[in-house]
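Structural overview
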Amino acid sequence: MFNKHGVSLNGLIMSVASASMLALTFVIGCGGNTQVNTANNALAEGKELSEKYCVSCHQYPSPALLDKQTWENGVLPNMAKQLGIQHEMGQYYADKQSVINAADWQKIITFYKASAPEKLSIPEPDAVKDMALFSVKTPPHVNRKGMVAMTTMIKLNPFDKQIYTADADNNLFKWDKNLNPTLIKQMPSPVTDAFFTQNTGVFTCIGVLPPNDYLKGDLLQLNLDGRSVKAQSLTDSLPRPVQMAAADFNKDGLTDYIVCGFGNTKGGLYLVEQQPGNKFIKKIIRALPGAIQITTGDFNNDGWPDLMCLFAQADEGIWMFLNDHKGGFTSRNILHFPPVYGSNSFQLVDMNNDGKKDIIYTCGDNNDYSTILKPYHGVYIFTNTGNWQFKQTYFYHINGASKVMAADFDNDGDMDLVAIAFFPDFVDHPTEAVNYFDQTSTGKFKVHQLPVNKLGRWIAMEVADVDGDGDQDIVLGNFSIYGDRLNNQKNYKPDWDMYQPIILLQNNAEKQKK
């Protein structure tokens, strides 16, 4: 019934009655006990109805996930709008297409409003504020008279060892080790991801950046040999593609692509299959919006490439897609999350050195209709207990967490983490925007908040040995356009560098050893 911001996307059509229905519910009967019993019965019926109807599209959204005011003034009215239900002057009006009667729908509304807490309890950070292993390197030349920074992608090209970035003004750049950029090409729309081969790059072009259902995204291949930059469209008419992966999924010797078409109310996960003659056909794998990140691997050890995808809209969760050897996939849900979590990133990585891939995951997308700080936003570790079954073994709260990546940053033989937050608590905890997790023993971490919040607002991140000294550095991308509109804390005005597109967090682990 609700998406991650509380809005239905899958067409469960419900009607609502006037708010006066609520008054009628509680005046039935004459005695006080009758009124109490009637009220209790209404809440119980509302709970039962919510559990019946709210799981048809996604995991059940408990009233405890949001406060009363957010349910009443943010989520419920906007859910009604998405369902074609009129909401005027505090009143809901139903039409004749309802699959649930007005009285029952009012009981669901009453249940959520009555059961939600007045306020959510937000944990305080348990972290030190320092630069840990890292030092900051910034670009020597920044244009402070032009457009504000609006980085949409950062990606290391493993062949030329250079960092490539893109922005919302459709520019594609590459950067040398001194952080000097070279414009590669003006793309048809903002680039959100890249895959590199020896002399080429394949790029996802999102089409229109803000939420929409236009089919204007492309998958473009560019020649990067230094002599010319030629673009070839591998497929078009994609719904806001945000990420991709490459493999030979049908084992015909040709590289295919999986594309996350995030979309908005419509979208899908696509296989872009290469045919002889450098032609491509597009096949739908899952026709639902919200596909945001994928990874590939042979998950059942049958010699065929499989994939795993995080969906972050409405039915949030991670799904495994096993190759059926016939040009398609069979799906299996691995993890499921409530629709208000705002899932946004995951990786498969062996965090405990037991030979099995675990899942690291973040949730924290915090715009639209429930823009409050949430206690369940942050970094999670789900440990693989065997046969791709997972158990949550770690959680660290970060307001508005947006991406996590793993690497052995201190070169001590275990995996550490770095996480960024696009919607941190700018007022009280602005340094939680960048966090380094030093794994001190299996499953135990010392968290460092890196105080780089004044240098930008971080939406993109890459981990790579940028300076070639043997340890993993961190590149952060600044997205400051729409700074006021994407600010949930109304008494806060952006105070970070609005123009610097990227910064490098240079890892000094090897230098410290020497």
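It should be emphasised that the depicted structure is a prediction, and the values quoted were computed from it without experimental measurement.

Residues Leu 269, Met 308, Ile 318, Ile 359 and Tyr 361 are the most contacted members of the largest nonpolar core, which totals 55 residues. Core analysis: the second largest hydrophobic core is formed by 20 residues, Phe 134, Val 434, Val 452 and Ile 503 among them.

Going through the model one piece at a time under the given rule, you end up with 8 salt bridges. For the salt bridge of Lys 113 with Glu 72, the shortest nitrogen-to-oxygen distance reads 3.6 Å. Pair noted here: Lys 113 is in helix α4 (residues 102-115) and Glu 72 is in helix α3 (residues 68-82), with a separation of 41 residues, a long-range link. The class for Lys 113 is partly exposed, based on a relative accessible area of 27%. A residue is classified by how much of its surface remains accessible, and Glu 72, at 37% relative accessible area, is partly exposed.

Turning next to the sheet that holds strand β29 (residues 458-464). If you trace the 4 strands from one edge of the open sheet to the other, you get β4-β31-β30-β29, paired in antiparallel fashion. Among the strands making up the open sheet, the edge pair consists of β4 (134-137) and β29. If you compare each strand with its neighbour and ignore which way they point, the axes differ by 25° on average.

Our next topic: the confidence of the model for the chain. In the predicted model, the chain carries a mean pLDDT of 89, and the fraction of residues at 70 or more is 88%. In the predicted structure, residues 1-31 sits below a pLDDT of 50 and forms 117 contacts with residues beyond four places in sequence or in another chain.

Empty space left among the atoms is revealed by rolling a probe the size of a water molecule over them. In this structure the tally under the stated criterion is 4 cavities of 30 Å³ or more. Taken as a whole, the largest cavity encloses approximately 60 Å³ of empty space. If you go around the largest cavity, the residues you meet are Ala 421, Pro 424, Phe 426, Pro 430, Ala 433, Asn 453, Gly 456, Arg 457, Trp 458, Tyr 492, Asp 495 and Trp 496. Each residue belonging to the lining of the largest cavity can be placed in one class, and the counts come to 8 nonpolar, 2 polar and 2 charged.

This part covers the sheet that holds strand β15 (residues 268-275). Strands sit in the order β13-β14-β15-β16 across an open sheet of 4 strands; the sheet is antiparallel. Every interior strand has two partners, whereas the edge strands, β13 (241-247) and β16 (279-286), have only one. The mean angle between the axes of side-by-side strands here comes to 25°, regardless of whether they run parallel or antiparallel. Here β13 pairs with strand β14 (residues 256-261) via 6 bridges, running antiparallel.

With that out of the way, let us pick up the packing of aromatic side chains. Tallied over the entire structure, the rule returns 32 aromatic pairs. Ring centres of Phe 134 and Tyr 436 lie 5.3 Å apart, and the angle between their planes is 85°; this geometry places the pair in the edge-to-face category. Of the two residues, Phe 134 sits in strand β4 while Tyr 436 sits in strand β27 (residues 434-441), which places them 302 residues apart along the sequence. The same class applies to Phe 134 as to Tyr 436, namely buried. Between Phe 195 and Tyr 257 the ring centres are 6.1 Å apart and the planes differ by 75°, which places this aromatic pair in the edge-to-face class. You can see Phe 195 sitting in strand β9 (residues 191-196) and its partner Tyr 257 sitting in strand β14, a full 62 residues away along the chain. Taken together, the ring pairs in this structure connect Phe 337, Tyr 341, Tyr 361, Tyr 376, Tyr 380, Phe 382 and Phe 395 into an aromatic cluster. One residue, Lys 216, lies across the ring of Tyr 214, its end atom 5.1 Å from the ring centre. Sitting above the plane of the Tyr 270 ring, Lys 282 keeps its charged end 5.7 Å from the centroid.

About the cut-offs
- Residues numbered from 1 in each chain as written.
- Predicted model: local features only at pLDDT ≥ 70, side-chain atom pairs only at ≥ 80, totals over all residues.
- Heavy atoms only, no water.
- Core = buried A, V, L, I, M, F, W, Y, C linked by side-chain atoms within 4.5 Å.
- Buried < 20%, exposed > 50% of the residue type's maximum accessible area, 1.4 Å probe, protein only.
- Salt bridge = Lys/Arg side-chain N within 4 Å of Asp/Glu carboxyl O.
- Helix = DSSP H or I, 4+ residues; strand = E, 2+ residues; numbered from the N terminus.
- Pairing = 2+ DSSP bridges.
- Axes fitted to C-alpha atoms, helices over the stretch in contact; angles between N-to-C directions.
- pLDDT = per-residue confidence, 0-100.
- Contact = heavy atoms within 4.5 Å.
- 1 Å grid on protein atoms, 1.4 Å probe; cavity = no way out; pocket = protein on both sides within 12 Å on 5 of 7 lines; lining within 4 Å.
- Points joined across faces, edges and corners; volume = space filled by probe spheres on them.
- Nonpolar A, V, L, I, M, F, W, Y, C, P; charged D, E, K, R; others polar.
- Phe/Tyr/Trp six-rings, centres within 6.5 Å; stacked < 30°, edge-to-face > 60°.
- Lys NZ or Arg CZ within 6 Å of the ring centre and 35° of its normal.

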